[in-house]
Amino acid sequence: MHALTLLIVSLLVFALAYRFYSKFIITKILIFNDKRPTPAHTFKDGRDYHPTNKFVLFGHHFAAISGAGPLIGPVLAAQFGFLPGFLWILIGAVLGGAVHDIVILFASVRTKGLSLTRLARKSISPTAGIVTGIAILFIIITALAGLALVVVNALSESSWATFTIAMTIPAALAVALYMYKLRPGKIVEASVIGVLIVTAGVVFGEPLSKSIFGHYFLFTKPTLSIMLPVYGFIASILPVWLLLCPRDYMSSYMKIGTIALLGIGIFIVNPHLNMPAVTQFVHGGGPIIPGKVWPFVCITVACGAISGFHALIGSGTTPKMINKESDMRMIGFGAMLVESVVSIMALIAATVLLPGDYFAINVPVDLFHKLGLSTTHLAQIEQMTGEVLSGRTGGAVSLAAGMSVILSAIPGMKALMGYWYHFAIMFEAMFVLTTVDTGTRVARYILEELIKLARPRWKVGKSFLGIVASAGIITFLWGYLVYNGEISTIWPMFGVANQLLATLALLVGTLYILKHTKNWKYSLVTFLPAIFMFVTTVTAGVLNITGNYLLKHNFQGNLNASLSIVMIVLVIIIFIESLKKIYSLRYKLIKIQ
């Protein structure tokens, strides 16, 4: 099969979903009203609550939700073949992910920007709110570790990528100061300045990496595993308008621009998908992700189809910056569909590689020799990119290799494969970092809320010392997992954690809809996906504990198993509490009708 078929089908499905399904949700179920003031206006404080242009906010929101998940998940899931991941991205995104995102964003905006924890407390019960907060902390710390580990692997020993990523920080500061202080409201002018600085980072990164200054941007994995949490800490305590929002906005240009370029490349080249529709690993025993295609394709694809992490953004930074309610359709529903398009392209980039080349990159060298496969074009790709690719596990390298193969196949681009490869690595790292800074900030909010419940007199979210302390705790916890983890253990746990959080958010959304509509059937748009995600993710979690972590017989394996068990138990408690509340509300609505 040719790649263009997958891309055209997915674009048509997502376009129809946005045109009709999102309209049904916003006109019949949620019912937007631009005359209602949003929290950004009523609680404007210049730090967290700030009315933001919808295009700028779309850039921030898209950058924040689209971390490593939509890129790496489909690449790792390609071990099952291209078809399982493709179908799950289409079905999961339309019926689960996009609905999940817009409902939670709307519920938060309508409740003064409440976080998911406080929404659960209000919708279910005080006990459920506390349990949800604890569960979210476990989940988000695991998610941040999984995402950060990908960028550590991508930036390791690459001064070009590291320099380019570093340049996005002064670019964001310049955009913020220009847009909000020097010439307020001049978004186009500020954007041009930011794009020029980021572009300079890309252009000059390659010659700098070969110069005498290149070693200043060359870092090992352990060093990056420390530097990344430090960055997340700083980004989470600075005012939201100064670094986080403008950086994400600028990064969105690079993200969307690169994806558009890859899409053009696919249309021009129309490469053949060399990975079969399904492989023998659909029955289990895969060398990358253990287990059968169900339930593991769902937790592996993760963010490309549905992501609980989005609920943290949709009830974290974004609702505090919504200018008017109608903006939420594009920002909530639309951004999720755009992210799913990214996942489709990532899947295509991975599956244009021949199976032997794909597994040689994503599997440790000693294990690859046991698979009975041989490489075909890998040596040529390594020569043209100037990098050793064999055994570079984690998905990021194989994605970059696939992207460079497609883009270098465009007429006149063959000699630039090395440039495209390193550009793709940089592009992936930008995806991740924007989620790391926003995710750390949201986790800080949640920890502060839990502390307030235990010690109401402590003003942890108001005093600078309290903010620094809570941010320090969060970054230390996920930084520890990054420093000691590996992709084969962290990514499956991230997938389970992420999808469990999506289950919680869908249950909260179901209760919100039941409380604010007169027709209980409308709640099925979130309730049915919640049931499917619960069964799928708990099953995957149990299999992951018994078939992956406990078999390692070491401290890290036991720690990962313990964390997974705690998450599953907490979610089961909330699930039971939610079902009781859902049944009660549904009974009342039927009685009224």
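Note that the coordinates shown come from a computational prediction; the quantities given were computed from them, not determined experimentally.

Definitions and cut-offs
- Residues numbered from 1 in each chain as written.
- Predicted model: local features only at pLDDT ≥ 70, side-chain atom pairs only at ≥ 80, totals over all residues.
- Heavy atoms only, no water.
- Helix = DSSP H or I, 4+ residues; strand = E, 2+ residues; numbered from the N terminus.
- Rg over C-alpha atoms; globule rule 2.2 N^0.38 Å.
- Buried < 20%, exposed > 50% of the residue type's maximum accessible area, 1.4 Å probe, protein only.
- Contact = heavy atoms within 4.5 Å.
- Areas by Shrake-Rupley, 256 points an atom, 1.4 Å probe, with all protein chains shown as cover.
- Lys, Arg positive; Asp, Glu negative; His and termini not counted.
- Charge placed at Lys NZ, Arg CZ, Asp CG, Glu CD.
- Salt bridge = Lys/Arg side-chain N within 4 Å of Asp/Glu carboxyl O.
- Patch = residues over 30% accessible without salt bridge, like charges linked within 9 Å, V, L, I, M, F, W, Y side chains within 5 Å.
- Phe/Tyr/Trp six-rings, centres within 6.5 Å; stacked < 30°, edge-to-face > 60°.
- Core = buried A, V, L, I, M, F, W, Y, C linked by side-chain atoms within 4.5 Å.
- Disulfide = S-S within 2.5 Å.
- Axes fitted to C-alpha atoms, helices over the stretch in contact; angles between N-to-C directions.
- Parallel < 35°, antiparallel > 145°, perpendicular 65-115°, else oblique.
- Left-handed = near helix turned anticlockwise from the far one by under 90°.
- Nonpolar A, V, L, I, M, F, W, Y, C, P; charged D, E, K, R; others polar.

Colleague: Break down the overall build of the chain for me, citing the residues and quoting the values.
Modeller: In terms of helices and strands, the chain carries 23 helices and zero strands. Its C-alpha atoms give the chain a radius of gyration of 23 Å, near enough to 25 Å, the size a compact globule of 593 residues would have. Structurally, the chain occupies a C-alpha span of about 70 × 60 × 50 Å along its principal axes. Considering the chain as a whole, with its 593 residues, one finds that 61% of them fall into the buried category. Partitioning the contacts of the chain with sequence separation of at least 6, the portion at a separation of at least 24 is 85%. In the structure as shown, the chain presents an accessible area of about 21900 Å², 68% of it carried by carbon and sulfur atoms. In the chain, the 43 positive side-chain charges and the 21 negative ones have mean positions that sit 15 Å from each other.

Colleague: How would you sum up the pattern of salt bridges? Please name residues and give values.
Modeller: Following the criterion strictly, the structure yields two salt bridges and no others. Here Glu 325 and Arg 36 are joined by a salt bridge, their closest N and O atoms 3.7 Å apart. Highlighted residues: Glu 325 in the loop between helix H13 (309-314) and helix H14 (327-351) and Arg 36 in the loop between helix H1 (3-29) and helix H2 (39-42), separated in sequence by 289 residues. Taking relative accessible area as the criterion, Glu 325 reaches 1% and is therefore assigned buried.

Colleague: Please set out a nonpolar patch on the surface residue by residue, giving values where relevant.
Modeller: A cluster of nonpolar residues, Leu 83, Leu 87, Ile 91, Leu 95 and Val 278, forms a patch on the protein surface that exposes about 410 Å² of accessible area. Mapping Ile 91 onto the fold places it in helix H5 (residues 82-110). We classify Ile 91 as partly exposed; its relative accessible area is 48%.

Colleague: Describe in detail the packing of aromatic side chains, supporting the description with residues and values.
Modeller: Any two aromatic rings considered together are summarised by their centre-to-centre distance and by the angle between their planes. For the coordinates displayed, the defined rule picks out 13 aromatic pairs. Ring geometry for Phe 24 and Tyr 522: centres 6.0 Å apart, planes at 75°, overall edge-to-face. Remark: Tyr 522 occurs in the loop between helix H21 (487-516) and helix H22 (524-549) and Phe 24 occurs in helix H1; sequence separation between them is 498 residues. Of the residues examined, Phe 24 reaches a relative accessible area of 32% and is grouped as partly exposed. With centroids separated by 5.7 Å and ring planes inclined at 50°, the aromatic side chains of Phe 43 and Tyr 49 adopt a geometry described as tilted. Given a relative accessible area of 35%, Phe 43 falls into the partly exposed group.

Colleague: Now, about the nonpolar core: what can you tell me, with residues and values included?
Modeller: Soluble, globular proteins show a tendency: their nonpolar side chains are buried together. Counting 189 residues, the largest nonpolar core has Ile 348 and Trp 478 as the members making the most contacts within it. Of all the elements, helix H7 (residues 126-155) adds the most residues to this core, at 18 residues. Beyond its immediate chain neighbours, meaning those up to four positions away, Trp 478 contacts Ile 141, Leu 144, Ala 145, Ala 148, Leu 228, Pro 229, Val 436 and Thr 440.

Colleague: I'd like to hear about helix H12 (residues 293-301), residue by residue, with values.
Modeller: Of all nine residues that make up H12, seven are buried, and the element is covered over most of its length. Turning to H12, its buried residues are Pro 295, Phe 296, Val 297, Cys 298, Ile 299, Thr 300 and Val 301. At the exit of H12 stands Ala 302, carrying a positive phi of roughly 50°.

Colleague: Outline helix H4 (residues 69-77), listing residues and values.
Modeller: Taking burial as the measure, the nine residues of H4 include nine buried ones, the bulk of the element. Within H4, the full set of buried residues consists of Gly 69, Pro 70, Leu 71, Ile 72, Gly 73, Pro 74, Val 75, Leu 76 and Ala 77.

Colleague: Account for the side chain of His 100, naming residues and giving values.
Modeller: With respect to the helices, strands and loops of the structure, His 100 is situated in helix H5. On the basis of relative accessibility, which here comes to 1%, the residue His 100 falls in the buried class. Contacts of His 100, omitting those with residues within four sequence positions, involve Ile 306, Ser 307, Gly 308, His 310, Ala 311, Ala 502, Ala 505 and Leu 506.

Colleague: Residues and numbers for the state of the cysteines, please.
Modeller: Evaluation of the coordinates by the stated rule reveals zero disulfides. Left without a disulfide partner, Cys 298 is nearest to the cysteine sulfur of Cys 303, which lies 13 Å away. Given the relative accessible area of 3%, Cys 298 is considered buried.

Colleague: Go over unusual backbone geometry with me, naming the residues and quoting the values.
Modeller: Pro 295 follows Trp 294 through a cis peptide bond whose omega is 15°. By the secondary structure assignment, Pro 295 is in helix H12. Unusually for a residue other than glycine, Ile 31 sits at a positive phi of about 60°. The class for Ile 31 is partly exposed, based on a relative accessible area of 47%.

Colleague: Tell me about the side chain of Ser 225, and please be specific about residues and values.
Modeller: By the element assignment, Ser 225 lies in helix H10 (residues 221-237). Residue contacts for Ser 225: discarding those within four places in its chain leaves Val 152, Gly 479, Val 482 and Tyr 483.

Colleague: Can you tell me about the environment of Thr 317, naming the residues and giving the values?
Modeller: Looking at the element boundaries, Thr 317 is found in the loop between H13 and H14. Separated by 19 residues in the primary sequence, Thr 317 and Cys 298 place their C-alpha atoms 27 Å from one another. In contact with Thr 317, not counting residues within four places along its chain, are His 60, Leu 312, Thr 438, Arg 441, Val 442 and Tyr 445.

Colleague: So, the packing of H1 against H14: which residues are in play, and what are the values?
Modeller: Taken N-terminus to C-terminus, the directions of H1 and H14 make an angle of 165°; their axes are 10 Å apart at the nearest point. Regarding the angle of H1 to H14, the classification is roughly antiparallel. Here H1 and H14 pass one another in a crossing that is right-handed. Taken together, the residues that form the contact of H1 with H14 break down as 17 nonpolar, four polar and three charged.

Colleague: Tell me what's going on with the packing of H5 against H14, and back it up with residues and numbers.
Modeller: Two elements in contact, H5 and H14, have axes separated by 8 Å at closest approach and are oriented at 160°. Taken together, H5 and H14 sit at an angle that is classed as roughly antiparallel. Note on packing geometry: the crossing formed by H5 with H14 is right-handed. Class assignment of the residues belonging to the contact of H5 with H14 gives a composition of 17 nonpolar, six polar and two charged.

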